[in-house]
Amino acid sequence: MNAPEKTSLEIIGLSVTYAGHGTHRRSVRAVRDCSFSVSRGETVGLVGESGSGKSSVLMSIPRLLPESASVTGKIFCRGVEISSLSEAEMNRWRWRKIAIVPQGAMNSFTPHLTIGRHITEVLEHHFKMPRHESEARAAELVKTAGLNENAVSRYPHEMSGGEKQRAALAAAIACEPDFLLADEPTTALDVITQKEVLETITSLTRDRGMGVLLVTHDLPLASGSCDSLLVMRDGEIVERGPAREVTSRPKEPYTRMLTDAVRDMEKPR
Ligand SMILES: Nc1ncnc2c1ncn2[C@@H]1O[C@H](COP(=O)(O)OP(=O)(O)O)[C@@H](O)[C@H]1O
Ligand SMILES: [Mg+2]
């Protein structure tokens, strides 16, 4: 194995198994021996059907899976093996080095807190930033995420889905992470808003040299905004490569199926 890259997030031989519960107590091997890396300034798409294991991969990186999950494999972030850090140490890496936009982020805001307060809480918790400073910073962050500055004083229910997804993005980049892991950040948004939110994510990648892991079930959407793609099926990465190559010349029948499904929809009637 090569020495871990100082500029990337490396996942080596990751497996995730959920302990069984219910009458059959059958355990689920959700992720099997997955290896890949994300470099700073690069957007990597992790695509596959629902249930293929994408969220399990994403959430295992900052160690946010439920206790029923047992995780094996190694994870390096900028050369440091974060998979062997203590929980207290890991806490310092979350948000500051590796931030996430979890699946359904736009529905998980606390209803009685303004968008600004959601962001200032992150800054105050991680940087002990005084309120006046965190408020100014929150206003900058919402603008970076493509919202109007006055979004900070609005409540979640006063915003559209796309606006809330941008607010979740603003909170995720609050601590200027090296890597952003975004789980279906555009699902449930209309096509135009999807495109705009993705453009914001890719411009963040470029402008801040952030590395992005973009999880989505939508292969064409990913191919338009990612540098490279990982195709996941039943817990395994079955195909990988530069985004254009994977989409235009898929090797695996499964990948072909994911692309063809959309081509069929796009055919003129
Ligand atoms: N907390 C959990 N407990 C048990 N099984 C789970 C849990 N979370 C996910 N799974 C199972 O793991 C597999 C992968 O799920 P997930 O990672 O959510 O896939 P995806 O994000 O691609 O839809 C699925 O079979 C799912 O049912
Ligand atoms: Mg998922």
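In what follows, the structure referred to is the one given above.
Residues numbered from 1 in each chain as written. Chains lettered and ligands numbered in written order. Predicted model: local features only at pLDDT ≥ 70, side-chain atom pairs only at ≥ 80, totals over all residues. Heavy atoms only, no water.

Undergrad: Which residues make up the packing of aromatic side chains, and what values go with them?
TA: Using the criterion set out here, one finds zero aromatic pairs in the structure. In this structure, lysine 97 is placed above the aromatic ring of tryptophan 93, and the distance from its NZ or CZ to the ring centre is 5.2 Å. (Phe/Tyr/Trp six-rings, centres within 6.5 Å; stacked < 30°, edge-to-face > 60°. Lys NZ or Arg CZ within 6 Å of the ring centre and 35° of its normal.)

Undergrad: How would you explain the side chain of aspartate 183 if you had to name every residue and give the values?
TA: With respect to the element layout, aspartate 183 can be found in strand E7 (residues 179–183). At 2.6 Å, the side chain of aspartate 183 forms a polar contact with the side chain of serine 55. (Helix = DSSP H or I, 4+ residues; strand = E, 2+ residues; numbered from the N terminus. Polar contact = N/O pair within 3.5 Å; in protein donor to acceptor, adjacent residues only side chain to side chain.)

Undergrad: So what's going on with the coordination of the magnesium ion (ligand 2)? Which residues, and what values?
TA: Note on metal sites: the ideal angle is 109.5 degrees for four tetrahedral donors, and 90 or 180 degrees for six octahedral donors. At this site the magnesium ion (ligand 2) is bound by Ser55 (OG) and Gln103 (OE1), with donor distances of 2.1 to 2.4 Å. Pair noted here: serine 55 is in helix H1 (residues 54–60) and glutamine 103 is in the loop between strand E6 (98–101) and helix H3 (115–127), with a separation of 48 residues, a long-range link. On the basis of relative accessible area, serine 55 is assigned to the partly exposed category, the value being 25%. (Donors = N, O, S within 2.8 Å, 3.2 Å for Na, K, Ca; no water. Buried < 20%, exposed > 50% of the residue type's maximum accessible area, 1.4 Å probe, protein only.)

Undergrad: Tell me about the nonpolar core, residues and numbers included.
TA: In terms of nonpolar packing, the biggest core is built from 47 residues, with Val101, Ile115, Ile119, Leu141, Leu180, Leu229 and Val231 touching the most fellow members. It is helix H5 (residues 161–172) that contributes the most residues to this core, six residues altogether. For leucine 141, the contacting residues outside a window of four places in its chain are Ile119, Leu123, Ala170, Ile173 and Ala174. With 33 residues, the next largest nonpolar core counts Val44, Leu46, Ile61 and Ala69 among its residues. (Core = buried A, V, L, I, M, F, W, Y, C linked by side-chain atoms within 4.5 Å. Contact = heavy atoms within 4.5 Å.)

Undergrad: Give me the lowdown on the sheet that holds E6, citing residues and values where you can.
TA: Read across the sheet, six strands follow the order E6-E7-E8-E3-E9-E10 without closing on themselves; strand pairing throughout is mixed. Each end of this open sheet is capped by a strand with a single partner; those strands are E6 and strand E10 (236–242). The sheet shows a mean angle of 15° between the axes of neighbouring strands, taken without regard to direction. Pairing analysis gives four bridges linking strand E3 (residues 43–47) to strand E9 (residues 228–233), with the strands arranged parallel. (Pairing = 2+ DSSP bridges. Axes fitted to C-alpha atoms, helices over the stretch in contact; angles between N-to-C directions.)

Undergrad: Can you lay out helix H6 (residues 191–208) for me, pointing to particular residues and giving the numbers?
TA: Relative to the 26 Å expected for 18 residues at 1.5 Å per residue, H6 spans 26 Å between its end C-alpha atoms, a close match to the ideal helical length. For H6, the full list of buried residues reads Thr193, Gln194, Val197, Leu198, Thr200, Ile201, Thr202, Leu204 and Thr205. Residues of H6 that are buried make contact with E3, helix H4 (131–144), H5, strand E8 (211–216) and helix H7 (219–225). The opening residue of H6 is aspartate 190, an N-cap whose side-chain oxygen sits 3.2 Å from the backbone nitrogen of isoleucine 192. Positive phi appears at glycine 209, one or two residues downstream of H6, with a value of about 65°. (Expected span 1.5 Å × (residues − 1).)

Undergrad: So what's going on with the sheet that holds strand E1 (residues 8–18)? Residues and values would help.
TA: Adjacent strands of a sheet pair through backbone hydrogen bonds, lying either parallel or antiparallel. If you trace the four strands from one edge of the open sheet to the other, you get E2-E1-E4-E5, paired in antiparallel fashion. Looking along the sheet, the strands with just one partner apiece sit at the ends: strand E2 (28–39) and strand E5 (80–81). In this sheet, strand E4 (residues 69–77) lies alongside E1 in antiparallel orientation, the contact comprising eight bridges. For threonine 17, the partnering residue across the bridge sits in E4 and is serine 70.

Undergrad: An account of a positive patch on the surface is needed here, citing residue identities and associated values.
TA: Judged by side-chain charge, Arg92, Arg96, Lys97 and Lys128 come together as a positively charged surface patch. With respect to the secondary-structure elements, lysine 128 resides in the loop between H3 and H4. Here lysine 128 falls in the exposed class, since its relative accessible area comes to 66%. (Patch = residues over 30% accessible without salt bridge, like charges linked within 9 Å, V, L, I, M, F, W, Y side chains within 5 Å. Areas by Shrake-Rupley, 256 points an atom, 1.4 Å probe, with all protein chains shown as cover. Salt bridge = Lys/Arg side-chain N within 4 Å of Asp/Glu carboxyl O. Lys, Arg positive; Asp, Glu negative; His and termini not counted. Charge placed at Lys NZ, Arg CZ, Asp CG, Glu CD.)

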